Amino acid sequence: MINIPKGTKDVLPELSYKWRFIENAARETAEIFNINEVRTPVFEHTELFLRGVGETTDVVNKEMYTFEDKGGRSITLKPEGTAGVVRMFIENGLASTPMPLKTYYITPCFRYERPQAGRLREFHQFGVEVFGAKSAETDAEIIFAASTFLNKLGVSKTELQINSIGCRICRAEYNKALKDYFRPHLEKMCATCRARFDKNPLRMLDCKEEDCKKITANAPKILDYLCGDCKTHFEKVKRLLTAQGVKYVVNPRIVRGLDYYTKTVFEFISTDIGAQGAVCAGGRYDNLVEELGGAALPAIGFAAGIERLLLLMENTGASFPAAQKPLIYVAGMDDITRAKAFEIVAELRLNGINAEADLMERSVKAQLKYADKSGAHYVAVIGGNELAANTVNIKNMAEGTQTAVNLNEIYSYLKEEKK
Ligand code: HAM
C-alpha cells in the first residue's frame, strides 16, 4: 500500500460537492466583476519565482518544490499564482490589450511547509490579478470582489485587515528607519533576520521567532513613513471601502510574506481555524510587471485558499447546497425488465435528468437498498406486470406516495414534479 504524500489531501467523491460549491462561487464572483479566467502551467522556470516572489522570502528560501528536469533546467512547482500570471501577461503582449485587464484562476500551489490544520504542501487558490489600473478605485473594487466571494460562501466571521507598505520612494526612507532601529538589537536576532537586515529589512517584521517578535513589536511603523502620494492613495482606498459598506481595520503590522507588494496590502483573517487564519490575502504590486521584464504597469490582486475556506465553513457550520443525488432510480426484476429500466434511464439522461439503473446485476431487493442509500428522490420498479400494462408506480421516497405513470411518460412526469 502506497500512502498519500505528507501535506496533501484527496477530495473524496462524497465531499467534492463542497469544492464545487466554492469554485462555483469563485466563478460567479468573477463573472459579476467581469474577470476572465486564465490558466498557466503548474510548473515554471525557477528563476521566475526567485525574481518574482523574492529571494528573501520564506516561500523562496525554504518552501519551493524545485527540481532539475531531464533537460537540465531548474523547474519549480508554482508556490503561488501571481508570478505565473504576470509572466503570461508579459510573454503574450497583453499590455497592448485594453486596460485594465482583469484575470482570475483556480490553481493548485505547492509549498514545502510543516503541515498543520489549514496548512498543506499542496493547496488550491482562487486568485484574481488586475493589470494596468493604479487608481484607489481598483484597490477598493478588488477588495470588494474578495469580500463578495466570501459573502457568497456565507463566511461572514472574518476580519478584513488592511495596511499600506508604500512605494519605492517611501520604502527607502522606511528601510533606513528600520535599520536604525534594528541595528542595536541585531546580535539578539535570529540568523535569518540578520541576513535580511542588509537585503530586505521589511521582511524582518515577518519573523516568527519569539525573541525577534519581541524586538519587532516596537519597530517604526510604515504608515508613519508613507510619501504624500501613498498616503493620499491609502486614505482614498479607506474612504471607498466605507462607501461600499466593506468593514475593515487598519493593521500596520501586515507586511505579507511575498516581496512584490507596494501600497495597499490586505488579509481576511478568521479566528475559527487555528493559527493559519488568513483565508484570503493580497495587495498591490506596481513594480512586478516591470521587474519581470514587462512595461511599467501597475497591478493588484488577491488569492484565497480553498482548503482554508472549506475548513472555516465546516468549523462555523456554514451551509453547503446538497450533494448531487439521482432524481430517479429505475429498478428491474429480471433480464427483460432490467433492459427496459436501462432504456428508460438512457432516455431520461438524454433529457438532462440524473437517473440511475442497476450496473451490479443485483436482486430487486438489493437494487432498492442501493437506491435508498444513493438518496434517489423517486424509485420505480419495473416487473412483468408493469411491462405488460406499460405503466409503473413511481414512488416519492420522501413522502412515501406512489403515482402510476405510463412507461413512455416518465420524463414528462418528472419534469412536472421538478417544477
Ligand atoms: P499568500 O498570502 O501567500 O498570497 O496566499 C494566499 C492564500 O493562500 C492564503 O491566505 C491562504 O488562504 C492560502 N495558503 C497559502 N499557503 C497555504 C498553505 N500552505 N496551505 C493552505 N493554504 C495556503 C499569495 O499567494 C499571493 N499570490 C496572493 C496575491 C495575488 N497577491 C496579489 N495577487
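See the structure above.
For the structure given in this document, a descriptive report is provided here.

Right, let's get into the overall build of the protein. Across its full length, the protein carries 15 helices and 16 strands. Principal axes of the C-alpha set define a box for the protein whose edges measure 95 × 50 × 40 Å. The 419 residues of the protein split such that 49% are buried. The contacts in the protein between residues at least 6 apart in sequence include a share of 69% that link residues at least 24 apart. Just so you have it, the protein exposes about 21000 Å², and 51% of that area is on carbon and sulfur atoms. Side-chain charges of the protein comprise 56 positive and 54 negative groups, with the mean position of each set lying 5 Å from the other.

What follows covers the layout of surface pockets. When its volume is computed, the second largest pocket comes out at roughly 440 Å³. For the lining of the second largest pocket, the secondary structure elements donating two or more residues are helix H2 (46–52), helix H6 (168–182) and helix H7 (191–199). Examining the composition of the lining of the second largest pocket, we find that four residues originate from one element, H6, more than from any other.

Take Asp-139: it is sitting in helix H5 (residues 136–152). One polar contact links Asp-139 to Thr-264, side chain to side chain, over a distance of 2.6 Å. Here Asp-139 is in contact with His-233, Val-237, Thr-264, Arg-284 and Ile-300, once residues within four sequence places are set aside.

Residues Val-11, Leu-12 and Leu-15 make up a contiguous nonpolar surface patch of roughly 220 Å² in combined accessible area. Within the fold, Leu-12 resides in the segment before helix H1 (16–32).

Before going further, it helps to spend a moment on H6. Taking 1.5 Å of rise per residue, 15 residues should cover 21 Å, and H6 covers 20 Å from first to last C-alpha, within 8% of that figure. For H6, the elements touching its buried residues are H7, helix H8 (210–216), helix H9 (228–243) and strand S9 (262–270).

Another point: the nonpolar core. In terms of nonpolar packing, the biggest core is built from 51 residues, with Phe-131, Phe-182 and Leu-205 touching the most fellow members. Formed by 43 residues, the second largest nonpolar core is a distinct cluster that contains Ala-26, Ile-142, Ile-143 and Cys-280.

Thresholds, definitions, all that
- Along every chain, residues carry numbers that run from 1 in the direction the sequence is written.
- Given that this is a predicted model, residues contribute local features only at a pLDDT of at least 70 and side-chain atom pairs are listed and counted only at 80 or more, while totals for whole chains, interfaces and linings are drawn from all residues.
- Excluded from the side-chain calculations are hydrogens and water; all other atoms, namely the structure's heavy atoms, are used.
- Working definition: helices are DSSP H or I runs of at least four residues, strands are E runs of at least two. Numbering for both runs from the N terminus.
- Summary of the burial criterion: residues with accessible area below 20% of their type's maximum are buried, those above 50% are exposed, and those between are partly exposed, where the area comes from a 1.4 Å probe applied to protein chains only.
- Throughout, a residue-residue contact means that at least one pair of heavy atoms, one from each residue, lies within 4.5 Å.
- Working definition of accessibility: Shrake-Rupley area with a 1.4 Å probe, residue cover restricted to the visible protein chains.
- Here the positive residues are Lys and Arg and the negative ones are Asp and Glu; neither His nor the chain ends is included.
- Every charge is mapped to an atom, namely NZ of Lys, CZ of Arg, CG of Asp or CD of Glu.
- With a 1 Å grid spanning the protein atoms alone, the term cavity applies to any set of points in which a 1.4 Å probe fits but cannot get out, the term pocket to an open set with protein on both sides within 12 Å along at least five of seven lines, and the term lining residue to any residue with an atom within 4 Å of a point.
- Grid points are joined across faces, edges and corners, and a volume is the space filled by probe spheres set on the points.
- In the analysis that follows, any N or O atom pair within 3.5 Å is treated as a polar contact, provided that within protein one partner can donate a hydrogen and the other can accept it, and provided that, for residues neighboring in sequence, both atoms belong to side chains.
- A residue counts toward a patch only above 30% relative accessible area and without a salt bridge, and it is joined to like-charged neighbours within 9 Å or, for Val, Leu, Ile, Met, Phe, Trp and Tyr, to nonpolar neighbours within 5 Å.
- We define a salt bridge as a side-chain nitrogen of Lys or Arg found within 4 Å of a carboxyl oxygen belonging to Asp or Glu.
- The length a helix should cover is 1.5 Å for every residue beyond the first.
- Nonpolar cores were defined as sets of buried Ala, Val, Leu, Ile, Met, Phe, Trp, Tyr and Cys residues, with membership established by side-chain atoms within 4.5 Å.

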